[in-house]
Structures are given as C-alpha cells and as structure tokens.
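What follows is the residue order along each chain.
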Amino acid sequence: MAETKIVAPKEGPLVQFWNWLTETQAWKSIFRHDRPTSDRTRVLVMLSNVFLHLHPVRIRKSGVKLRYTWCMGGLSFFLFLSLTLTGLLLMFYYRPTLEYAYTDIVGLREHVPFGIMREMHRWGAHAMVITVWLHMFRVFMTGSYKPPREFNWSVGVVMLVLTLLLSFTGYLLPWDQLAIWAITVGSNMARATPFLGHEGPGAGLLRLGDVPLIHAADDARFALLGGTFVGEGALLRFYVLHCVGLPLAIAVLMAVHFWRVRKDGGISGPL
Amino acid sequence: MGFVKGIFNAAADPRLFFLLAVISLAILVWKREQVASNSFGYGVLGCLAIFFAFGSFDANFRLIVTKPDNVPIVGLIFMLVFFVWYSLREGVLNDRRIVKGEGPIEKAESDRVWVWPDLVYIELIALIVCSVVLIVWSIVLKAPLEQPANPANTPNPSKAPWYFLGLQEMLVYFDPWLAGVVLPTLIVVGLICIPYIDTNPKGNGYYTFTERKAEITIFLFGFAVLWASLIVLGTFLRGPNWNFFGPFEFWDVHKLEALTNVNLSEYIWVRALGRGLPQAWYVRELFGILLVLFYVGALPALLGKSLFKGYYEKMGAARYYVGVFLFLMMMSLPIKMLCRWLFNLKYVVAIGEFFFNI
Ligand code: HEM
C-alpha cells in the first residue's frame, strides 16, 4: 500500500486567525485543553465543561443509537430549553390581568412582524408532552426502569406530571374562550376531591357542629383557582406557577434526572 | 363513498372503537412474528395516511382534524402507531437472536464509544432537526385564539386540553371524584410503583418481548388502549353534549342520545326482588357495597390462590397486593364500560347523599 503523505494545507487567514485565537490568554482561560482530537483531550472536554459534564466520558455503542433511545429524552430536554427561551420572550409582551391578557395576545399577533414566538411556544409545548410520553414508553420497552434505575424512573414520572401541569397552566394564559373553558372543565374535578372538595365524598363529614369546614370558598378547587370560578385570581396563580414555580421545579428534577442517568452507569444495556 | 364513510362512522362508535383497539393489541401481541416485518409496519402507516388523506376531502372530517390544537394529535397517532410497532419489532428481532444464543443486539454493542464526538454530534443534529421542524410548524400553523373569555357563554362541547381528554372520557363512566381525582392519582402512583413491583430481572436494557410478556402487554393496554386511544376518542369523536359523533358526521347540537342508565340498586331491589328501593342508603346500596368490597378486598386474595398463584409466589405478598390492587383499579375502567354498554349500568354504589357514587 502506498504511504499517504499528509501535506499540511496552506494556512489561509482564517486558519491563522484560529491558531492565534486558540493561543490567546482569554481562550485558554475558558477552554483549559487542546481541541478534543486525542483520547486525552476527549476526556478533558467532558470533564472540564459543566454542561458536557452531564454526560459520561464514554458510553455504550447501543446507547448513542437512535434505534435504542429514539432520542426522546434528549428532545424533551431540548424542547424544554426552547420553551424557556420563547416563554421568556413572550413574558415581555404579556400581562396577566383580566384587562390586558387577551389584548396582549392579540397585540402579539398583529403588531409583532413575523412573530412566531407564540406558535413556537404552543406547538413546542404540545410536542414536549408527546416526546415525554414516548420517552417513557421507550424506557419501559427497554426495561430501563429495572435496578439500578428504579429511582430515576420515579423522578421521570414526577417530571411527566410537571410537564402536564406546565401545559395546563399555560393553556389559560391567552384568556380566550378556549382557555377559560378548558381550565374550567379541568379544575372542576378538584371540587370532587375526597374530603377536600366541597362536592367530594366525605367532605360533609368535616364539620364543627353545624358549620361545614369544606365549602365552595375554601376547598381544593378554591386553592387552585384563588376563587370560586376561573377569574382574576386563577389567572395570576396560573401565571406564577407557569412562569416561575413549575419551571423551577422541573429544572431541578432534570438536573437530578441527568445526574442519575450518569451515576446509574450511563444509558442502560444488557449486563 | 357515503357507504364507506358510514362504515367508518359506525366503527368509531365508542363501543366498537374500544373493542377494535383491544383486538388490535391482541393481534399485535399474538401475531408479533408477522407484525415485526417491515411491510406490516409501513403498510399500517400507509393505510393510516391514506385514511387521513381521503378523509380530509370530507368537510366535517377536515373541520375537526385541522383545528390547530388537534393537529398535534394527528401527529401523535402516527408516532404512537409507529413506535409501538417499532419497539415490538425490535423485541421480536432480539428474541430471535436470543433463541439462537446470540444475545440481544445491544449486547453486541456493549463496547464504549467516546461521547465527544460520537454522542455530541448526534445531539447537535437532533437539535437542528427539531428546531427546523418546530420553526416550519410555527410558520405554517397559527396558534389558535378564539373570542375573549366570557364566563356567561359556555361553549358546547367544553373540552379539557387534549392530553386530559382520556380523563374527561372517563367521566362518562365514573363520577368526578374517581375519574378526575382518585384514578389520576392512582395512575401516577402506579407508574412510580412499576420498578418496585416488577421483579423480573430479565429484559433490563434491551428490547424483548418473550422475556417480559405480561409486563409489556399490561403496559401497552394501559398506555396505548386506555390512555392514548381514549384521548383520540375524546378529541375527534366527542361533540356537543359529549355525544358521540363519527369522524364524517356533522356535529349536530341537537343530537339526542337516549339516557336510560340504571343503578345496580334498582336492578336488584326493583327489577329482581320486585319491591321498592329501601329508605336507608346502607340497605339500599348493600349489594353494591359488598360487590366493591369483594372487588378490592377479596378478589386479590382469591386470584393470588388461583389464577395469579405464580405471581404471588414470585413477587411476595406486599408486591403482589400492591400490584394487583393497581391492576384491578386499571381494569375497573373497562369493566365499568362493559357494564354500561351491556346493562346500561349507571352506578354500582350510588350514595348521592355523600357524593359517593361508584
Ligand atoms: C421532562 C421530561 C424528561 C426529560 C427531559 C428526560 C430526559 C432524559 C434523557 C436525556 C435521558 C437519556 C436517555 C434518553 O434520551 O433516552 C433520560 C433517561 C431516562 N429517563 Fe428521562 N426524561 C424525562 C422524563 C422521563 C419520564 C417521564 C420517565 C419515566 C417515567 C423517565 C425515565 C428515564 C429513565 C429510567 C432513564 C434511563 C434510561 C436508560 O438508561 O436507558 N424520564 N431521560
């Protein structure tokens, strides 16, 4: 076999610039290793970057295959990131009050040229619900919840619930007919919570003498809506939960989730 | 054409729809060797695509399928069908390898690769593809915005967001305290419990069917038949007053459906024993209460001694009882559906005095 001779390409200005850049003090203070082309630097890149550090350094061959993971967990995470970004932009335009909520959404549609942030946020949310379900389905079908990953499955289920709640709280914010009636239908269920809802079984038992402890103005539904119907209080509560409470909770759990994927030995595979 | 549409309208009746879903699952599981072939999978997807393509020539069908918030569910149908088929196929392929003594394909791929670049570049591609899909989707399809909220004007039908429509569909068969609170809680608790109940050490980290027959069948029943197909039913086939409408049927607000549902107490006291309903609720509902107590209290123990004896021995008492309880709770939905369809049964226990109806 003929020996191939590696001829160094002529260094154009771009390459020269690149070479200069990677030697500067600033660059070297950020990336503390050479480009990841050798085994050693491939380890270093994973260990010295906080984001990449969520991954292991090496991983089973089957684990990187679409065939095995369908990439559904990764897509869920990516959709979450893009929802955070688009949601943040939407918050610039939106005020959660009866007076402004609807008109702000109309304004978003009519006054923002080429605006697709609302679309990206809404369709991204729908898509995330679907990818999380499919991710769960994949994890089930590969038996990946079995030891040692039982706890991570449980963390996942909680995130699934949070994903649905995020979607649900967001559904109210446009404050149109679709929104308030969907939330009315959904939150009416809370009326029937056993013991804690005023139309729930057992609630009638909770009384002091003649005074019922659980009634329409203090039951589970009231706590959810901040009122006896879907109104101002509900809008504010859902807004705060949607933009602050639930995203924070799910972000923390995602950190736990990813960390555990690593600590449980990376993507699952036959022993 | 009208005739074909009529057939589809009839097949989409909740009873037939549900039955067809169960039968499809049974075929999938039984005939999995044939199902695993590519021609079967793509054939089914192709038929689905043809159905939606031809369906969209129909005004009523188009109206409901192209509602912006329903579009993702059309996508969900395709993805779900694909991934259910795909995961079964991978299972079957691995099972064949296992029989030959080769071990699952994942075993052959156990050697490690570098995350940088092998995984990171896949993630980058996935990220780009996902962004492009999302952006194109957002340009093509506008997010819906209806009339401003008006508490005085209730739309008919009023539907929950689509991912909760399975729960809303359960409201047909159960009261809100069960359909909206207790059963959803049990779904979540049940999912969390899965890894702790399932002690089968096999099938950890690879696709397989034969090594996990019962687990996979039960999960598919809950996930695909109960959860997903009821969402499809609730989204596309439930119209005004939560009445049933075929996919090619006009949503007529005045459609009437005879409601002649009867409580168990009336069946027993009035129709069987030929007397009036007793005054006191605990006498009136005695039979229903006994039946429910039997279902949750005695049946698990009985099953553990007979049909599920093997599981009882393998899993131990605690796991067995938790598992069977959750299983019976899941089965309470199809059981109640059947009772409704066959006997027009309304409530097994009906203590309206305490909002306690089952
Ligand atoms: C917010 C939603 C979620 C995100 C962002 C997420 C993300 C991820 C990612 C990126 C992985 C790596 C492997 C892969 O991509 O498949 C993973 C693995 C895993 N996830 Fe999730 N997940 C979520 C929800 C869930 C749910 C709902 C469950 C189960 C009920 C779950 C259970 C697991 C388990 C057990 C693993 C380890 C799988 C293995 O090692 O093969 N996750 N998750």
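Residues numbered from 1 in each chain as written. Chains lettered and ligands numbered in written order. Predicted model: local features only at pLDDT ≥ 70, side-chain atom pairs only at ≥ 80, totals over all residues. Heavy atoms only, no water.

### Regarding the overall build of chain B
Broken down by element type, chain B carries 16 helices and 3 strands. In terms of its C-alpha atoms, chain B occupies a principal-axis envelope of roughly 75 × 60 × 40 Å. In chain B, which comprises 358 residues, the proportion classed as buried is 47%. Across chain B, contacts joining residues at least 24 apart in sequence account for 67% of those joining residues at least 6 apart. Summing over all exposed atoms, chain B offers an accessible surface of approximately 18,000 Å²; the carbon and sulfur share of this is 71%. Between the mean site of the 29 positive side-chain charges and the mean site of the 25 negative ones, chain B shows a separation of 5 Å. (Helix = DSSP H or I, 4+ residues; strand = E, 2+ residues; numbered from the N terminus. Buried < 20%, exposed > 50% of the residue type's maximum accessible area, 1.4 Å probe, protein only. Contact = heavy atoms within 4.5 Å. Areas by Shrake-Rupley, 256 points an atom, 1.4 Å probe, with all protein chains shown as cover. Lys, Arg positive; Asp, Glu negative; His and termini not counted. Charge placed at Lys NZ, Arg CZ, Asp CG, Glu CD.)

### Describing the overall build of chain A
When you go through chain A residue by residue, the secondary structure sums to 11 helices and 3 strands. The order of helices and strands in chain A, counted from the N terminus, is α-α-α-β-α-α-α-α-α-α-β-β-α-α. Relative to its length of 271 residues, chain A is extended, with a C-alpha radius of gyration of 26 Å against a globular reference of 18 Å. Dimensions along the principal axes, computed over C-alpha positions, put chain A at roughly 95 × 55 × 35 Å. For chain A, with 271 residues in total, the buried portion stands at 50%. With an accessible surface of roughly 14,000 Å², chain A has 69% of that area assigned to carbon and sulfur atoms. Within chain A, one finds 26 positive and 17 negative side-chain charges whose respective centroids are separated by 13 Å. (Rg over C-alpha atoms; globule rule 2.2 N^0.38 Å.)

### Some details on the coordination of the iron atom of the ligand
Residues and elements named next belong to chain A. Within the protein, the atoms that donate to the iron atom of the ligand are His-135 (NE2) and His-257 (NE2), at distances of 2.0 to 2.1 Å. Each of the 6 donor atoms around the iron atom of the ligand contributes to a set of angles spanning 85 to 179°, which defines the coordination as octahedral. Highlighted residues: His-135 in helix α7 (residues 117-141) and His-257 in helix α11 (residues 232-263), separated in sequence by 122 residues. For His-135, a relative accessible area of 19% puts it in the buried group. (Donors = N, O, S within 2.8 Å, 3.2 Å for Na, K, Ca; no water. Tetrahedral: all angles 85-135°; square planar, octahedral: opposite > 155°, others 65-115°.)

### A look at the site of the ligand
Residues and elements named next belong to chain A. If you check the shell around the ligand, you find 27 residues, and the closest are His-135, Arg-138, Gly-156, His-257 and Ser-268. Between the ligand and the protein, one listed contact pairs an oxygen atom with a side-chain N or O atom of Ser-144 at 3.2 Å. Take His-257: an N or O atom from its side chain is 2.7 Å from a nitrogen atom of the ligand. Among the elements of the structure, α5 (72-91), α7, α8 (150-172) and α11 are those that each provide at least two residues to the shell around the ligand. Examining the composition of the shell around the ligand, we find that 7 residues originate from one element, α8, more than from any other. Here the residues of the shell around the ligand sort into 13 nonpolar, 12 polar and 2 charged. (Near = heavy atom within 4 Å. Polar contact = N/O pair within 3.5 Å; in protein donor to acceptor, adjacent residues only side chain to side chain. Nonpolar A, V, L, I, M, F, W, Y, C, P; charged D, E, K, R; others polar.)

### Description of the packing of α5 of chain A against α11 of chain A
Residue and element names in this part refer to chain A. Contact geometry of α5 with α11 gives a least axis separation of 12 Å together with a crossing angle of 155°. In this view, α5 runs roughly antiparallel relative to α11, as classed from their interaxial angle. Here the hand of the crossing between α5 and α11 comes out left-handed. Contact residues: α5 offers Phe-77, Phe-80 and Met-91, while α11 offers Tyr-239, Cys-243, Pro-247, Ile-250, Ala-251, Met-254 and Phe-258. (Axes fitted to C-alpha atoms, helices over the stretch in contact; angles between N-to-C directions. Parallel < 35°, antiparallel > 145°, perpendicular 65-115°, else oblique. Left-handed = near helix turned anticlockwise from the far one by under 90°.)

### What about the interface of chain A and chain B?
The partner chain B presents 92 residues to the 91 residues of chain A that form the contact. Where chain A abuts chain B, roughly 8,700 Å² becomes buried across the two surfaces, and 71% of that area is made up of carbon and sulfur atoms. Interface area lost by chain A to chain B is led by Arg-67, Trp-123 and Met-141 of chain A, which between them contribute 9%. Scanning the region where chain A abuts chain B turns up 7 salt bridges. (Buried area = accessible area lost by both parts, 1.4 Å probe. Salt bridge = Lys/Arg side-chain N within 4 Å of Asp/Glu carboxyl O.)

### Some points on the side chain of Gln-177 of chain A
Its location among the elements puts Gln-177 of chain A in helix α9 (residues 177-188). Within the structure, Gln-177 of chain A has its side chain in polar contact with the backbone oxygen of Asn-153 of chain B (distance 2.9 Å). Contacts of Gln-177 of chain A, omitting those with residues within four sequence positions, involve Glu-146, Gln-147, Pro-148, Ala-149, Asn-150, Asn-153 and Pro-155 of chain B.

### Here's the deal with the domain arrangement of chain B
Residue and element names in this part refer to chain B. Looking at chain B, the domain boundaries give domain 1 (1-113 + 206-257) and domain 2 (159-204 + 258-358). Spacing between the C-alpha centres of domain 1 and domain 2 amounts to 26 Å. The interface of domain 1 with domain 2 comprises 28 residues on the first partner and 28 residues on the second. When the two sides are added together, the surface that domain 1 and domain 2 hide from each other amounts to roughly 2,400 Å², 70% of it contributed by carbon and sulfur. (Domains from an automatic or database assignment.)

### As for the nonpolar core
In this structure, Trp-133, Phe-137, Trp-153 and Leu-172 of chain A together with Trp-162, Tyr-163 and Phe-236 of chain B are the most contacted members of the largest nonpolar core, which totals 144 residues. Tallying contributions element by element places α7 of chain A first for this core, with 15 residues. Each of domain 1 (1-113 + 206-257) and domain 2 (159-204 + 258-358) of chain B contributes no fewer than three residues to this core. Contacts of Trp-162 of chain B, omitting those with residues within four sequence positions, involve His-126, Val-129, Ile-130 and Trp-133 of chain A together with Asp-69, Ile-73, Leu-76, Ile-231 and Thr-235 of chain B. Grouped together as the second largest cluster of nonpolar side chains are 11 residues, Val-45, Val-57 and Ile-59 of chain A together with Val-115 of chain B included. (Core = buried A, V, L, I, M, F, W, Y, C linked by side-chain atoms within 4.5 Å.)

### So, the packing of aromatic side chains
Scanning the entire structure with this criterion turns up 50 aromatic pairs over all chains. For the pair Phe-308 of chain B and Tyr-311 of chain B, a centre-to-centre distance of 6.0 Å together with 85° between the ring planes defines the contact as edge-to-face. The class for Phe-308 of chain B is buried, based on a relative accessible area of 18%. The residue whose ring lies beneath Arg-212 of chain B is Phe-140 of chain A, and the NZ or CZ to ring-centre distance is 5.0 Å. (Phe/Tyr/Trp six-rings, centres within 6.5 Å; stacked < 30°, edge-to-face > 60°. Lys NZ or Arg CZ within 6 Å of the ring centre and 35° of its normal.)

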